[in-house]
Amino acid sequence: MLASKNGFNRQLITRLHPKSPVSEAYRTVRTNIHFSNPELDQRIILVTSSGPEEGKSTTLANVAVTMAQAGKKVLIIDADLRKPVQHKIFELSNGRGTTSVLVGDFSLEEALQPTPVAGLQLLTSGPIPPNPSELLDSTAMKSLLSKSRQGFDMVLVDSPPAMAVTDALILCSLVDGVILVIKSGQTRIDIVKDTKALLEKGQARFLGVILNEVKYSGDDYRYYYYYGGHKSEEEAGDGAGQTGAGQ
Ligand SMILES: Nc1ncnc2c1ncn2[C@@H]1O[C@H](COP(=O)(O)OP(=O)(O)OP(=O)(O)O)[C@@H](O)[C@H]1O
Ligand SMILES: [Mg+2]
């Protein structure tokens with residue numbers, strides 16, 4: 001794990017270096033989420049990707065921090081019950097979390113943890129279960145989400161990759177909107193389109209894509225932290241808004 005000198009994980013750049021261009025990129029994502037569909041009540045947003053390690057968890061954590069920094073009451077739910085990392089990013093215990101609430105051991109209030117970021121709370125994954133998909137595809141999960149809706153302005157849900165396991169597909173019908181993270185220069189566009197189509201079949205409201213790890217070729221360290229612009233649905237051509245963030 002990447003821990004910083006002052007105790008914050010380096011992955012949480014919006015917490016460590018709020019004025020850096022990378023943090024600015026995450027703020028752009030926050031703004032674009034806000035404006036992507038003002039008519040929709042986008043309170044619960046699922047963040048997923050086609051494949052593994054595209055930056056879902058890192059992106060979600062940083063966007064959540066920027067939302068809290070803007071004065072919103074924000075909750076992160078780690079619903080990646082296979083490879084959870086939100087507790088590592090925020091350096092909190094994972095003794096109780098989503099799975100503990102789903103099996104009825106703890107209430108949502110009992111399982112939530114404050115983070116070092118004012119206004120941001122975290123429901124870690126909790127102990128990893130043998131049956132993640134069944135736990136997520138349950139009335140307990142629906143009720144967890146509807147409870148979280150009451151206490152927070154924004155709820156961001158972390159999940160496993162959509163093309164690998166069925167969990168994101170299950171979750172996408174329970175949330176208000178879905179965002180796909182795409183790793184720049186790695187994810188194939190046809191796979192992204194397949195993922196979008198799959199999630200839309202699962203009743204997902206597709207909000208857009210975040211292009212992660214956009215790299216600038218200049219030598220200057222400061223400019224290595226480059227971020228791309230936002231594309232409207234029309235410009236993107238496939239119904240995808242696009243924002244880049246590179247670290
Ligand atoms: N913009 C970025 N710049 C540099 N490194 C990044 C960036 N985003 C993510 N990473 C790194 O890439 C790795 C994978 O990131 P992360 O865990 O967020 O991906 P993920 O999609 O959630 O993975 P998984 O599929 O396992 O859930 C981590 O080591 C993270 O620190
Ligand atoms: Mg992850």
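This one's a predicted model, so the numbers in the text were calculated from it and none came from an experiment.

Visitor: Got a sec to walk through the overall build of the chain? Specific residues and values, please.
Guide: When you go through the chain residue by residue, the secondary structure sums to 12 helices and 8 strands. Per-residue burial for the chain yields a buried fraction of 53% across its 247 residues. Sequence-distant contacts, at least 24 apart, represent 75% of the contacts inside the chain between residues at least 6 apart. Carbon and sulfur atoms make up 51% of the accessible area of the chain, which amounts to about 11400 Å² in all.

Visitor: Break down the confidence of the model for the chain for me, citing the residues and quoting the values.
Guide: Chain-level statistics for the chain give a pLDDT mean of 85 and a share of 81% at 70 or above. In this model, residues 1-7 is a region of pLDDT below 50 whose contacts with residues beyond four sequence positions or in other chains number 15 contacts. Every residue in residues 218-243 scores below 50 in pLDDT, and together they form 57 contacts with partners more than four places removed in sequence or on other chains.

Visitor: I'd like a rundown of the nonpolar core, residues and numbers included.
Guide: In this structure, Leu46, Ile77, Leu123, Leu136, Met141, Leu144 and Val157 are the most contacted members of the largest nonpolar core, which totals 35 residues. Here the element with the most residues in this core is helix α9 (residues 167-172); it accounts for 4 residues. Sequence-distant contacts of Leu46, defined by excluding residues within four places in its chain, comprise Val157, Ser159, Ala168, Leu171, Cys172, Val175, Gly177, Val178 and Ile179. The next biggest cluster of nonpolar side chains, apart from the first, holds 28 residues, and it includes Ile13, Val22, Val47 and Phe90.

Visitor: Which residues make up the pattern of salt bridges, and what values do they have?
Guide: Scanning the model with the defined rule gives 6 salt bridges in all. Notably, a salt bridge pairs Arg149 with Asp176, separated by 2.9 Å at the nearest N-O pair. Of this pair, Arg149 sits in helix α8 (residues 139-151) while Asp176 sits in the loop between α9 and β6 (177-183), placing them 27 residues apart in sequence. The buried category is assigned to Asp176, whose relative accessible area is 13%.

Visitor: How would you sum up α8? Please name residues and give values.
Guide: If you check α8, its first and last C-alpha atoms are 19 Å apart, about what 13 residues at 1.5 Å a residue would give, namely 18 Å. Regarding α8, the residues found buried are Met141, Leu144, Leu145 and Ser148. Each buried residue of α8 lies within a common arc of 95° when the element is viewed along its axis, so the set occupies one face. In α8, the exposed positions that point more than 90 degrees away from the buried face belong to Thr139 and Gln150.

Visitor: Quick rundown of the side chain of Ser49? Include the residues and the values.
Guide: Counting through the fold element by element, Ser49 comes out in strand β1 (residues 44-49). Residue classification places Ser49 among the buried residues on the basis of a relative accessible area of 0%. Reaching out from Ser49, the side chain makes a polar contact with the side chain of Lys56 at a distance of 3.0 Å. The residues contacting Ser49, other than those within four sequence positions of it, are Glu54, Lys56, Pro161, Ala162, Met163, Leu180 and Val181.

Visitor: Please provide a residue-by-residue account of helix α3 (residues 56-69), values included.
Guide: Two residues of an α-helix separated by three or four positions point the same way, owing to the 3.6 residues in each turn. Taking 1.5 Å as the rise per residue, α3 with 14 residues should run 20 Å; its terminal C-alpha atoms sit 20 Å apart, in good agreement. Judged by how many residues are buried, α3 sits mostly within the fold: 13 of 14 residues are covered. Of the residues one or two after α3, Gly71 is the one with positive phi, at around 95°.

Visitor: I'd like to hear about the packing of aromatic side chains, residue by residue, with values.
Guide: All chains considered together, the criterion is met by 0 aromatic pairs. Taking NZ or CZ as reference, Lys73 lies 5.3 Å from the ring centre of Phe152, over its face.

Visitor: Quick rundown of the packing of helix α2 (residues 21-36) against α3? Include the residues and the values.
Guide: The contact between α2 and α3 brings their axes to 9 Å, and the two run at 80°. Accordingly, the angle class assigned to the pair α2 and α3 is roughly perpendicular. Between α2 and α3, the residues in contact are Ser23, Tyr26, Arg27, Val29, Arg30 and Ile33 and Thr58, Thr59, Asn62, Val63, Thr66 and Met67, respectively. Tallied by class, residues from the contact of α2 with α3 come to 5 nonpolar, 5 polar and 2 charged.

Cut-offs and rules
Residues numbered from 1 in each chain as written. Chains lettered and ligands numbered in written order. Predicted model: local features only at pLDDT ≥ 70, side-chain atom pairs only at ≥ 80, totals over all residues. Heavy atoms only, no water. Helix = DSSP H or I, 4+ residues; strand = E, 2+ residues; numbered from the N terminus. Buried < 20%, exposed > 50% of the residue type's maximum accessible area, 1.4 Å probe, protein only. Contact = heavy atoms within 4.5 Å. Areas by Shrake-Rupley, 256 points an atom, 1.4 Å probe, with all protein chains shown as cover. pLDDT = per-residue confidence, 0-100. Core = buried A, V, L, I, M, F, W, Y, C linked by side-chain atoms within 4.5 Å. Salt bridge = Lys/Arg side-chain N within 4 Å of Asp/Glu carboxyl O. Expected span 1.5 Å × (residues − 1). Arc of directions from axis to C-beta. Polar contact = N/O pair within 3.5 Å; in protein donor to acceptor, adjacent residues only side chain to side chain. Phe/Tyr/Trp six-rings, centres within 6.5 Å; stacked < 30°, edge-to-face > 60°. Lys NZ or Arg CZ within 6 Å of the ring centre and 35° of its normal. Axes fitted to C-alpha atoms, helices over the stretch in contact; angles between N-to-C directions. Parallel < 35°, antiparallel > 145°, perpendicular 65-115°, else oblique. Nonpolar A, V, L, I, M, F, W, Y, C, P; charged D, E, K, R; others polar.

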